[in-house]
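# Chains, contacts and geometry: an overview
Given next are the chains, with one letter for each unit.
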Amino acid sequence: MLTLFRWLLRLVTGLIGLGLLVLLIAYWFLERSIPDYSEDFALSGLTAPVEIVRNNDDVPHIFGETDEDVFFALGFAHAQDRLWQMTMLRRTAQGRLSEVFGNRTLKIDELLRRYDLYTLALESVSAQDEETTRALEAYAAGVNSWINQVNEGARGRGAPEFFFFSNEIAAWAPADSIAIIKLMALQLSGHLEAEVLRARVSMLLPGERLGDILPDDPVRPVTALPDYASLVPGVQPSVAPIRTAEGPLSPFPKLPFAGASNSWAAAPNRSAAGGTLLANDPHLGFTAPAIWYLARLELRSGGVIGATIPGVPAVMVGRSANLGWALTSSYLDDQDVVMERLNPANPEEYDSGNGFKPFETRRSIIQVKGETAVTVTLRWSEAGPVLPGSHYDLASVTPPGHVAALSWTALSRADTSMTAAMRIMRSQSKEEAIEAGRLFIAPSQNLMLADQNGIAFKVIGAMPKRDAAHPTQGRMPALGTNLAVRWQGMFPYEDNPEVKDPRTGILGNTNNKTIEAPFPNHVSHLWGDTQRIQRWLALMKTREVHTRESFIEAQLDTVSNAARTILPLIGADLWFTGEAAPEGTPERLRQRALEVVAEWNGEMNEHLPEPLIYMAWARALQDRLIRDELGPMADEFTHLDPVFIERVYRDVGGASAWCDVIQSAAIESCADLARIALDEALLELTETYGPNPESWRWGDAHQATHDHPVLGEVPFLKWFVNIRQSTSGGDFTLQRGRTKGTGPNPYLNVHGAGYRGVYDFADPDSSVFVTSTGQSGHPLSRHYDDLGERWRRGEYVPMSLDPDLARAAAVGITRLIPEAPGG
């Protein structure tokens, strides 16, 4: 027996040793792809030596003799740190994910092929100006130089992910960078889904109730539109959603995540130091690594520093010595769904309103890993690509004998958005930047500017010109046989909203409504915010003059205007009613919860229980208000709408009728529903977080989910590649942390400010910025998540153009020199 035990011990010890050896070997191979930032390279494609000085935060400061050499080095640095991310962005835009991931991404590829973004990017290359073309070519050469180094130098395949998936990396091309811009337009688009949702709901609710649950804006919440079925005969109400192109790799956002951001600016007379101020925090879905990559470029026009997107040779948001530029989603209505009637005698033709026309048709082959290739037929009408009913719930609103086509500004074949971004980056004044924005097509953005003398705001991006007789005003799909449905070109750039040097000295945008104009000059009926703007206005009014610190304070503010508005309304009849209840009863738990939130100021602090109680209560209440009218379609409303709740509890236009459960004989009051919803929420929270409300923490539920899109769901590996952080904020705070809205934990923070920057032109080198993860995309690098903890704590890193400061304590200096002839 003793002998057997000894042999078993030896076997177990050997297996443990063998396992450790395997782990060490695996670590050695994976670690090989972490670049040495102090290595020098002799490369073809350069005209003179270039230095990439990575400062203490791993932000590359790039110095070269020509702009082309600088862009070459940026491509080299992007590829060193984010090669896997770049190739994934390109594959996504091309519709080629299934070559790597098989059937699970086939529907994503199929839909992207129908959009044909990459073909449009290829055609748009020739539309760029000469300077941008040279930059794109130089950048691509830099990326390819690093790919060559990986292929020739045993550098761990360039990224750890290439050990798990295909390690074939095609050469980078200028069209790849343009395709990524188009992909960003897709990720920031929500009007298509909004049109379909409005159409579906309109077939279930009368017009006045539709205006409650889907208000255009809080000022004019009721819009007298006919229901969709009367506009498009033959469509039946449907409550069963169709979801086929979802998942971590999907670039198609659900409506609540279709873009958000904040920016504000102060003129010199509203700044304590006498210089302009600018703050910006664009919001996108959280990933590891973040989509943003910090960089400084020394160009002929001067130094620029800010946030880039790996794969794109431009500082998208940032500053120079003379100008700061910020972006927020404009919510401009740049999409329309057109129902094209098929020719009954020939389904390859559609009724254009001026007779039948043939679809533009071609076939596209999707290679699927481990499976037979799939051929899809792409069809375009004059409106745009034909989309199948299996996406966006389009089948539920498509009448018999019709197909759905999409008009969308991002489908331009001569998209000059890349040129516009490069020109904005090089601009020296707000006037020059506004003029540069003329060439921007999509995604439409609010461009906020601050130069040495003043501030400005301009909506950039093509604005469709619709016929005033459009039957749905672009808010629902419409029949293409009606010529009023088809776009009449684009409005002149001068018609895009613009503000320069306002009398108040302050500009700001939180995706709120920016213009009050009648259709078709309305910009949009759908806006991204009604709450954050109220809190921002309050903070701006508290000071006569502002500082960098006050702008940072506003950027990190976690007070919810929605909570402050809603809680007194829904709790009015609960706080001061009810008899004493014994411990352990639902009544006593309700009283304790009400006591906890009674003195709360609306601050969504991660360490407090009040935000969790409020969110659970409000979510349960909204669901109870709408589910009896909408049935399963209530599942589409995954996030709280404060405007709807306020309308109901203030009984605006008879909206309190939502409180009565129509299936019951009794007439329920709004106080009844508030009490029932609170009990339901407390039961859910007790089962998850324990019986003591005082010990609950918002941050336990509201964790920021910086997850790896590919490895983030793989057992064991996910603990190394995902970054989870307890966070403050919420859906309606300036420090926005958009909740997931679905699943076992609907409070997860999945969408927010991946980049924050505050620029002070009284002392430009005191400007600061930060991203939500780190510069490296390599999970074994110390720079994979080193900025993330500072981001979580509301801290920043210096954003200086001082080369000496960059060199001080640099983590490495990479020197690129031209390869000798014949070398």
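Refer to the structure printed above.
The following paragraphs examine the structure supplied in this document. (Residues numbered from 1 in each chain as written. Predicted model: local features only at pLDDT ≥ 70, side-chain atom pairs only at ≥ 80, totals over all residues. Heavy atoms only, no water.)

## Quick word on the overall build of the chain
Heads up, the condition is: Helix numbers and strand numbers start at the N terminus; a helix is a DSSP run of H or I with at least 4 residues, a strand a run of E with at least 2. Here the radius of gyration uses the C-alpha set of atoms, whereas the globule reference equals 2.2 Å times the residue count to the power 0.38. Burial here depends on accessible area, computed with a 1.4 Å probe over protein chains only, as a share of the maximum for the residue type. Under 20% is buried, over 50% is exposed, and the range in between is partly exposed.
In terms of regular secondary structure, the chain is built from 24 helices and 29 strands. Taken against the 2.2 N^0.38 rule, which gives 28 Å for 823 residues, the C-alpha radius of gyration of the chain at 28 Å falls within 12% of a compact globule. Taken along the three principal axes of its C-alpha coordinates, the chain extends 90 × 85 × 75 Å. Among the 823 residues that make up the chain, the fraction classed as buried is 60%.

## Quick look at helix H20 (residues 670-689)
In plain terms, the rule: Helices are assigned an expected span. That span is 1.5 Å times one less than the residue count. Our arc is simply the arc of the directions from the helix axis toward the C-beta atoms.
The end-to-end C-alpha separation of H20 is 28 Å, in line with the 28 Å expected for 20 residues at 1.5 Å each. When H20 is considered as a whole, its buried residues turn out to be Cys670, Ala671, Leu673, Ala674, Ala677, Leu678, Ala681, Leu682 and Leu685. In an axial view of H20, the angular spread of the buried residues amounts to 165°, which keeps them on one side of the axis. The exposed residues of H20 that point more than 90 degrees off its buried face are Leu683 and Glu687. Positive phi appears at Gly690, one or two residues downstream of H20, with a value of about 100°.

## A few points about the state of the cysteines
Basically, it comes down to this: Cysteine sulfur pairs qualify as disulfides if the two atoms are within 2.5 Å.
Scanning the model with the defined rule gives one disulfide in all. Here Cys659 engages in a disulfide with Cys670; their sulfurs sit 2.0 Å apart. Residues Cys659 and Cys670 are joined by a disulfide whose S-S torsion is about 95°; by sign, that bridge is right-handed. Of this pair, Cys659 sits in the loop between helix H19 (642-649) and H20 while Cys670 is found in helix H20, placing the two residues eleven residues apart along the sequence. Both residues of the pair, Cys659 and Cys670, belong to the buried class.

## Re unusual backbone geometry
Across residues other than glycine, the phi torsion is negative in most instances, and most of the peptide bonds are trans. Ala288 connects to Pro289 through a cis peptide bond whose omega is 0°. Structurally, Pro289 can be placed in the loop between strand E5 (277-285) and strand E6 (293-299). Cis rather than trans, the peptide bond between Ala442 and Pro443 has omega equal to 0°. Mapped onto the elements of the fold, Pro443 is located in the loop between helix H13 (430-436) and strand E17 (445-451). Although it is not a glycine, Val523 sits at a positive phi angle of roughly 70°. Inspection of the secondary structure assignment puts Val523 in the loop between strand E21 (506-509) and helix H14 (532-541). The buried category is assigned to Val523, whose relative accessible area is 4%.

## Focus: the pattern of salt bridges
For clarity, the cut-off: A carboxyl oxygen of Asp or Glu within 4 Å of a side-chain nitrogen of Lys or Arg is what we treat as a salt bridge.
A full pass over the atoms with the stated rule returns 62 salt bridges. Note that Asp351 and Arg341 form a salt bridge whose closest N and O atoms lie 3.0 Å from each other. Pair noted here: Asp351 is in strand E11 (residues 346-351) and Arg341 is in strand E10 (residues 335-343), with a separation of ten residues, a long-range link. When the shortest N-O distance is used, the salt bridge between Glu498 and Lys500 registers 3.8 Å. Overlapping salt bridges, with partners in common, bring together Glu606, Arg697, Asp700, Glu789, Arg792, Arg793 and Glu795 in one network.

## What about the packing of aromatic side chains?
The following threshold applies: Stacked, edge-to-face and tilted are the three classes for Phe, Tyr and Trp ring pairs, Trp counted by its six-membered ring, which pair at centre distances within 6.5 Å; planes under 30 degrees apart are stacked, over 60 edge-to-face, the rest tilted. Only Lys NZ and Arg CZ are tested; either one counts as a charge over a ring when it is within 6 Å of the ring centre and within 35 degrees of the ring normal.
This model, assessed by the stated rule, comprises 18 aromatic pairs. Each ring, one from Trp84 and one from Phe162, has its centre 5.1 Å from the other, and the planes form 80°; the classification is edge-to-face. Taken together, the residues span a long stretch of sequence, with Trp84 in helix H2 (residues 67-94) and Phe162 in helix H7 (residues 161-164) at a distance of 78 residues. When sorted by exposure, Trp84 lands in the same class as Phe162, which is buried. Taken together, a centroid distance of 5.9 Å and an interplanar angle of 25° make the contact between Trp84 and Phe165 stacked. Of this pair, Trp84 sits in helix H2 while Phe165 is found in the loop between H7 and helix H8 (174-187), placing the two residues 81 residues apart along the sequence. Accessibility classification places Trp84 together with Phe165 in one group, the buried group. A network of ring pairs unites the aromatic residues Trp84, Phe101, Phe162 and Phe165 as a single cluster. In this structure, Lys458 is placed above the aromatic ring of Tyr493, and the distance from its NZ or CZ to the ring centre is 4.4 Å.

## What about the sheet that holds strand E1 (residues 40-43)?
Quick reminder of the rule: Following DSSP output, two strands are said to pair if at least two bridges run between them. Only the stretch in contact is used when a helix axis is fitted, and all axes are lines through C-alpha atoms; the angle between N-to-C directions ranges over 0 to 180 degrees.
Ordered in space as E1-E29-E2-E3-E6-E7-E8-E9-E17-E18-E20, the eleven strands form an open sheet in which the pairing is mixed. Strands at the two margins of the open sheet, each flanked by one partner only, are E1 and strand E20 (498-500). Within this sheet the neighbouring strands show an average axis-to-axis angle of 20°, counted without direction. Pairing of strand E2 (residues 50-54) with strand E29 (residues 812-818) involves five bridges; the strand directions are antiparallel. Looking at the pairing, Val53 lines up with Ile813 of E29.

## Overview of the environment of Thr742
Here Thr742 lies in the loop between strand E24 (737-739) and strand E25 (749-753). Here Thr742 falls in the partly exposed class, since its relative accessible area comes to 38%.

## Description of the pairing of E6
Taking burial as the measure, the seven residues of E6 include six buried ones, the bulk of the element. Pairing geometry for strand E3 (residues 60-63) and E6, over two bridges, is parallel. Within E6, the residue paired with Ile62 across the bridge is Leu297. Note: E6 against strand E7 (residues 302-308), seven bridges, orientation antiparallel. Note on E7: the bridge partner recorded for Leu297 is Val304. Connecting E6 to the antiparallel partner E7 that follows it, the hairpin turn spans two residues.

## Quick word on a nonpolar patch on the surface
The cut-off we apply is this: Each patch is built from residues that are more than 30% exposed by relative accessible area and take part in no salt bridge. Like charges join if they lie within 9 Å; nonpolar side chains (Val, Leu, Ile, Met, Phe, Trp, Tyr) join within 5 Å. In short, Shrake-Rupley with a 1.4 Å probe defines the accessible areas, and a residue's cover is counted only from the protein chains shown.
On the surface, Leu4, Leu8 and Leu11 cluster together to form a nonpolar patch covering roughly 290 Å² of accessible area. Counting through the fold element by element, Leu8 comes out in helix H1 (residues 2-31).

## What to know about helix H23 (residues 786-793)
Buried residues of H23: Leu787, Gly788 and Trp791, and no others. Viewed end-on, H23 has its buried residues packed into an arc of 105°, placing them on one side of the element. With its phi angle positive at about 80°, Gly794 sits one or two positions after the end of H23.

## Here's the deal with the environment of Gly153
Mapped onto the fold, Gly153 is located in the loop between helix H6 (130-152) and H7. Each C-alpha atom of the pair Gly153 and Arg790 lies 35 Å from the other, and the pair is 637 residues apart in sequence.

## Some details on the nonpolar core
Where a protein is soluble and globular, its nonpolar side chains tend to be buried together. For the record, the criterion: For this analysis, a nonpolar core means a set of buried residues of the types Ala, Val, Leu, Ile, Met, Phe, Trp, Tyr and Cys, connected via side-chain atoms within 4.5 Å.
If you look at the biggest cluster of nonpolar residues, it comprises 166 residues, and the most contacted ones within it are Tyr115, Leu297, Met425 and Leu816. With 14 residues, H2 is the single largest residue contributor to this core. Leu210, Tyr614, Phe644 and Tyr747 belong to the second largest nonpolar core, which has 56 residues in total.

## So, the packing of H2 against H6
How we decide: Each angle is binned into one of four classes, with values under 35 degrees roughly parallel, values over 145 roughly antiparallel, values of 65 to 115 roughly perpendicular, and all other values oblique. The hand of a helix crossing depends on one turn: near helix anticlockwise from the far one by less than a right angle means left-handed, and clockwise means right-handed. Any two residues whose heavy atoms approach within 4.5 Å are treated as being in contact. Ten residues, namely Ala, Val, Leu, Ile, Met, Phe, Trp, Tyr, Cys and Pro, are considered nonpolar, four, namely Asp, Glu, Lys and Arg, are considered charged, and the remaining ones, Gly among them, are considered polar.
Put simply, H2 and H6 touch, their axes get as near as 7 Å, and they point 50° apart. Taken together, H2 and H6 sit at an angle that is classed as oblique. The handedness of the crossing between H2 and H6 is right-handed. Every residue of H6 that contacts H2 at Glu68, Phe71, Phe72, Leu74, Gly75, Phe76, His78, Ala79, Gln80, Leu83 and Met86 is listed here: Arg134, Ala135, Ala138, Tyr139, Ala141, Gly142, Val143, Ser145, Trp146, Ile147 and Gln149. The residue inventory of the contact of H2 with H6, partitioned by class, reads 14 nonpolar, six polar and two charged.

## A short note on the side chain of Ser98
By secondary structure assignment, the location of Ser98 is in helix H3 (residues 98-101). Given the relative accessible area of 0%, Ser98 is considered buried. With residues near it in sequence (within four places) discarded, Ser98 still touches Thr105, Leu106, Asp109, Ile366, Gln367, Val368 and Lys369.

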